[in-house]
Amino acid sequence: MQDAADKLEQWTRFYQRAQTLLRGGRRALRRLSGAELAHLIDEYQALIADLARARSLGAARETVDQLNRIAVAGHNLLYGQIRLRERAAPAYGAASFARLVRKHTWAVALSAMVFFGAALASFVAVQLYPSLGYDLLADEFLDFDPANRDNLHSIPSLARPVVSSLIISNNIQVTLLAFGLGLTAGIGTTVLLLFNGIHLGSVAGWMMLHGKDRALWGWIMPHGGTELLAICLAGAAGYVLAGAIVAPGQVRRSTALKNTGGDALGIELGCMVMLVIAGLIEGFVSPSGIDYPSRIAVLAVSLGIWALYFFGAGLKPVRSAASEPASQPLSSSQGN
Amino acid sequence: MEERVHIATPDHVSLEFELAGPGSRFSAYVIDFIVNVLLVIAIVLTAYLTGALAALRSLASISAGASASWLWALVVLIIFLINWGYYVFFEGVGKGSTPGKKRMGIRVIRQDGLPIGLREAALRNLVRAADMLPPPSYILGGLVMHFDPHGRRLGDMVAGTYVVVEKFDLAAQGASGAAWAKRVEQGRSRQALTLPRGAISAQQIGLIEQFLARSHELPKERRRQLIWQITEPLLPLLEEDRDSLERSAERTERCERLLLQILDLAQQKTASVAIAPKAPQPSSLF
């Protein structure tokens, strides 16, 4: 029985050591000397051999479970520290958002078609059949006057921070829904884009009809370019997920989802940043007293910057994972 | 939905995890929901009290209004962050466990068995809206979980994660473990075995050991074929009757017993031990 006691002690020791190192994280592992590390790996391999043997020779359930548990700790310790580069994992750098948007052009085009298509259609519809406005518009917009100093142009400067943060969180919530509802094969995303597009188009059409359009555009323009673009791209993120469900290709749908999930998330995260920018403009610039031409200028500059970013950023090919030195697998960052 | 999931490691050993059922996952959700609500209440209360205090101190000061506005702007953002970021934060930082999950003894892992990071946590939780359909019933997510063999909701599929049960206490390692440890220790050495009718080389013994260690992962029919291929050439050495064994209904079981016997013999290091007429019955442990 001496052997057995040794064995038990060895397992227990390895488990405790693994737990300590796991708590210490990457730094604890890096402090180990080469010999210590090699010893640790030896112990792990002895352990999983024991596990395999225990399982195949039919040891008691709890013994196998415990060995399995220790093996999981060892596995997480040794492999968890190695940066595992998933094939589709994007590097979330500054240019990756642009790269992802370019990669999924079809989704962006589809989303833009649905969103701006709905806006345009409802705009035209309200022009042709003004009575539609009563069905499409929310009540508070019917008598709404964008030029009235009480509502849009003069959010009191004291309230601007609150208004701005409300707008930001509300818009981000909309894009998160557009993104997540992509999992309904895109149906939820489409409904959301249609609703928002129709709302935008019918309000614009109604104001045009009543001659209030100049004031409306004046208010929308500074932040609108960024905000509408972001909503459109969030729809694209939803459609990227939907693509994995509708057309998974050669793999299972769950696998296809896993493969494209990272791309969709990258686009969604980019949209959130855009909406923070848009919300700050909407809360602080749009209600300020700047004149009409400056408002056009803000729109032009913001759209110009986005065009430059989306068409220009990250055109150089990324350094692929294979070309990076693989010599120090344990010193790399982030277990991902 | 199955009870367990096997994860193949680079070492060709499969690690086993027990999948968390809908019951414990829902309970964890309820706990997290309550914690979430309490957090929001605490923050609004704190902001309200600080705001009131600030107003009291700087009565009639102009800056009071402005700072209150910034304070409430901050509160709005923090509440939004809590609502959407609660799970992302706790799962991303806490290796897949939220307070509710910790209480229920479950945790989220990646499909390769590693703990999840922020990326997986963000993916599986930011798409929650779809699982919640029609809100807030979680009917869609529940249906997907029910039909998926690994009990994943849609968010788990997107992120590539499983929710597993975290249990076991190493202190509970009992006497059975000790007895088993002995057996495993003995199985370690490999040396040639010389029998009266011939020798079995160290490589052959190594092969037997490897086969036994992996055979549970093979499909039944394949296992039956392989074990026969391995055992058949050894039968003359063991003085077993090949034909009767081949026709035997429990051929695989008997072959396995013979292979185990060879490993036992190889362990005893004495060269020419006669084969016991009857295979030793496995003890109650095995």
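Throughout this description, residue numbers start from 1 for each chain and increase along the sequence as written. Think of it this way: whatever chain is written first is A, whatever ligand is written first is 1, and the rest follow in order. The predicted nature of this model means local features are confined to residues of pLDDT at least 70 and side-chain atom pairs, given and counted, to a pLDDT of 80 or more, with totals for whole chains, interfaces and linings taken over all residues.

Considerations on the overall build of chain B
Helix numbering and strand numbering both begin at the N terminus, where a helix is a DSSP run of H or I of at least 4 residues and a strand a DSSP run of E of at least 2. Counting its secondary structure elements, chain B contains 13 helices and six strands. When each of the 286 residues of chain B is scored for burial, the buried share is 29%. Here the analysis covers contacts within chain B between residues at least 6 apart in sequence; of these, 61% occur between residues at least 24 apart. Working definition of burial: number of other C-beta atoms within 10 Å of the residue's own, with buried at 20 or more, exposed at 12 or fewer, and partly exposed in between, all C-beta atoms being placed from the backbone. Here, residues touch in the contact sense if the C-beta positions derived from the backbone fall within 7 Å of one another.

What about the overall build of chain A?
What chain A contains, in helices and strands, is twelve helices and zero strands. Taken from N to C terminus, the helices and strands of chain A fall in the order α-α-α-α-α-α-α-α-α-α-α-α. The buried share of chain A, reckoned over its 336 residues, is 42%.

Considering the domain arrangement of chain A
By a frequent convention, interface size equals the accessible area lost on bringing the separate parts together. Residue ranges for the domains originate in an automatic or database domain assignment. Domains assigned within chain A are domain 1 (2–80) and domain 2 (96–312). Between domain 1 of chain A and domain 2 of chain A, the C-alpha centre-to-centre distance is 53 Å.

Examining helix H9 (residues 187–209) of chain A
Given a helix with a known number of residues, its expected span is that number minus one, times 1.5 Å. The terminal C-alpha atoms of H9 of chain A, which comprises 23 residues, lie 32 Å apart, in line with the 33 Å expected from a rise of 1.5 Å per residue. Following H9 of chain A by one or two positions, glycine 211 of chain A adopts a phi angle in the positive range, close to 70°.

Considering helix H2 (residues 34–56) of chain A
Residue and element names in this part refer to chain A. A rise of 1.5 Å per residue sets the reference length of H2, with its 23 residues, at 33 Å; its end C-alpha atoms lie 33 Å apart and thus fit the reference within 8%. Looking at H2, one finds that the buried residues are Tyr44, Leu47, Ile48, Asp50, Leu51, Ala52, Arg53, Ala54 and Arg55. Glycine 58, located one to two residues past H2, shows a positive phi value of around 75°.

Here's the deal with unusual backbone geometry
Here the bond from leucine 133 of chain B into proline 134 of chain B is cis, since omega is -20°, no more than 30 degrees from zero. Located in the positive-phi region is alanine 185 of chain A, a residue other than glycine, with phi close to 60°. With respect to the helices and strands, the residue alanine 185 of chain A is situated in the loop between helix H8 (160–180) and H9. Exposure remark for alanine 185 of chain A: the 16 C-beta atoms within 10 Å place this residue in the partly exposed category. You will see that lysine 95 of chain B, though not glycine, has its phi angle at about 55°, which is positive. Here lysine 95 of chain B lies in the loop between helix H2 (63–93) and helix H3 (99–104).

Here we look at the nonpolar core
Each nonpolar core consists of buried Ala, Val, Leu, Ile, Met, Phe, Trp, Tyr and Cys residues. Their C-beta atoms, within 7 Å, join them into a set. With 119 residues, the main nonpolar core has Leu233 and Ile267 of chain A as its most contacted residues. With residues near it in sequence (within four places) discarded, isoleucine 267 of chain A still touches Phe97, Leu100, Val101, Leu233, Ala236, Ala237 and Val240 of chain A.

What to know about the packing of H9 of chain A against helix H10 (residues 213–246) of chain A
Residues and elements named next belong to chain A. A fitted line through C-alpha atoms represents every axis, and for helices the fit uses only the stretch in contact; the resulting angles, taken between N-to-C directions, go from 0 to 180 degrees. In the contact formed by H9 and H10, the axes pass within 10 Å of each other and the chain directions differ by 165°. In terms of their interaxial angle, H9 and H10 are classed as roughly antiparallel. As H9 runs across H10, the sense of the crossing is left-handed. Residues Thr189, Leu193, Asn196, Ala204, Met207 and Met208 of H9 form the contact with H10, whose own contacting residues are Asp213, Leu216, Ile231, Gly235, Gly238, Tyr239 and Ala242. To sort the angles, those under 35 degrees are grouped as roughly parallel, those over 145 as roughly antiparallel, those from 65 to 115 as roughly perpendicular, and the leftovers as oblique. Crossing handedness: left-handed means the near helix sits turned counterclockwise from the far one by under a right angle, and right-handed means the same turn made clockwise.

Digging into the packing of H8 of chain A against H10 of chain A
All names here are of chain A. The contact between H8 and H10 brings their axes to 7 Å, and the two run at 25°. As summarised for this structure, H8 and H10 are arranged roughly parallel, according to the angle between their axes. The crossing of H8 and H10 is right-handed. Across the interface between the two elements, Asn171, Val174, Thr175, Ala178 and Phe179 of H8 pack against Glu227, Ala230, Ile231, Ala234, Gly235, Ala237 and Gly238 of H10.

Focus on the environment of valine 72 of chain A
Along the chain, the position of valine 72 of chain A falls in helix H3 (residues 61–80). Residue valine 72 of chain A is classed as buried on the basis of its 24 C-beta neighbours within 10 Å. On a C-alpha basis, the gap between valine 72 of chain A and leucine 193 of chain A in space is 45 Å, while along the polypeptide they are 121 residues apart. Apart from the residues within four sequence positions on either side, valine 72 of chain A is in contact with Leu15 and Gly113 of chain B.

Let's talk about the confidence of the model for chain B
All names here are of chain B. By definition, pLDDT measures how confident the predictor is in each residue, and it falls between 0 and 100. For chain B, the mean per-residue pLDDT works out to 78, and 77% of the residues sit at or above 70. The spread of mean pLDDT over the elements of chain B runs between helix H8 (residues 175–186), the lowest at 52, and helix H7 (residues 154–159), the highest at 93. Counted against residues more than four places away or in other chains, residues 168–176, with its pLDDT under 50, gives twelve contacts. Note on residues 270–286: pLDDT under 50 across the span, and 17 contacts to partners over four residues away in sequence or across chains. Taken together, the chains of this predicted complex give a pTM of 0.73 and an interface ipTM of 0.81.

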